[in-house]
Amino acid sequence: MVLKASEIRKMTPEERLLKLNELRVELVRLRLQSRVGTLSNTARIRNVRRDIARILTVMREDLIREEERAEEAKEGLPVEEEKQ
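For the structure given in this document, a descriptive report is provided here.

So, how was this worked out
Every chain is numbered independently, its residues counted from 1 as its sequence is written. The predicted nature of this model means local features are confined to residues of pLDDT at least 70 and side-chain atom pairs, given and counted, to a pLDDT of 80 or more, with totals for whole chains, interfaces and linings taken over all residues. Note that water and hydrogens are dropped before the side-chain values are worked out from all heavy atoms of the structure. Put simply, DSSP H or I for four residues or longer makes a helix, DSSP E for two residues or longer makes a strand, and each gets a number counted from the N terminus. For the radius of gyration, the atom set is restricted to C-alpha positions; the globular benchmark scales as 2.2 Å times the number of residues to the power 0.38. A contact between two residues is defined here by any heavy atoms of the two lying within 4.5 Å. For the area figures, the Shrake-Rupley method with a 1.4 Å probe applies, and any residue is considered shielded solely by the protein chains shown. To count toward a patch, a residue needs a relative accessible area over 30% and no salt bridge; like charges are then connected within 9 Å, while nonpolar side chains (Val, Leu, Ile, Met, Phe, Trp, Tyr) are connected within 5 Å. Salt bridges are identified by distance alone: a Lys or Arg side-chain nitrogen within 4 Å of an Asp or Glu carboxyl oxygen. Charge counting treats Lys and Arg as positive and Asp and Glu as negative, with His and both chain ends excluded. The location of each charge is read from NZ of Lys, CZ of Arg, CG of Asp or CD of Glu. Under the scheme applied here, a residue whose accessible area is under 20% of the maximum for its type counts as buried, over 50% as exposed, and between as partly exposed, the area being computed with a 1.4 Å probe on protein chains only.

### Things to note about the overall build of the protein chain
What the protein chain contains, in helices and strands, is three helices and zero strands. Over its C-alpha trace the protein chain gives a radius of gyration of 17 Å, far above what one expects of a compact globule, namely 12 Å for 84 residues. Considering only C-alpha atoms, the protein chain reaches an extent of 60 × 20 × 20 Å along its principal axes. When contacts within the protein chain are restricted to residue pairs at least 6 apart in sequence, those whose partners lie at least 24 apart make up 52%. Entry remark: accessible area of the protein chain is about 6700 Å², with carbon and sulfur atoms responsible for 53%.

As structure tokens, this is what we get:
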């Protein structure tokens, strides 16, 4: 199953970290299966890597957004409301 960015954004930060750790463990397991020769779906490695990248991207977006809000608050500018 491929995660969509919209699904990842709906997750809490804790859920994202848990999913990220699960995917990293799965990636190690898939790489091991690939080396041993028991991996039946080789495309799964690529999909897991991309899911990891999507989660990291959303986490980075959140971090940047928080930094911008902190900078705006520090400068005394009105904080822009998040659009939903």
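### Quick look at a positive patch on the surface
Together, R31, R35, R46, R49 and R50 give the surface a local cluster of positive charge. Broken down by secondary-structure element, the contributors of at least two residues to the positive patch are α2 (13-36) and α3 (43-75). With respect to the helices and strands, the residue R31 is situated in helix α2. In this structure R31 comes out as partly exposed when scored by relative accessible area, which is 44%.

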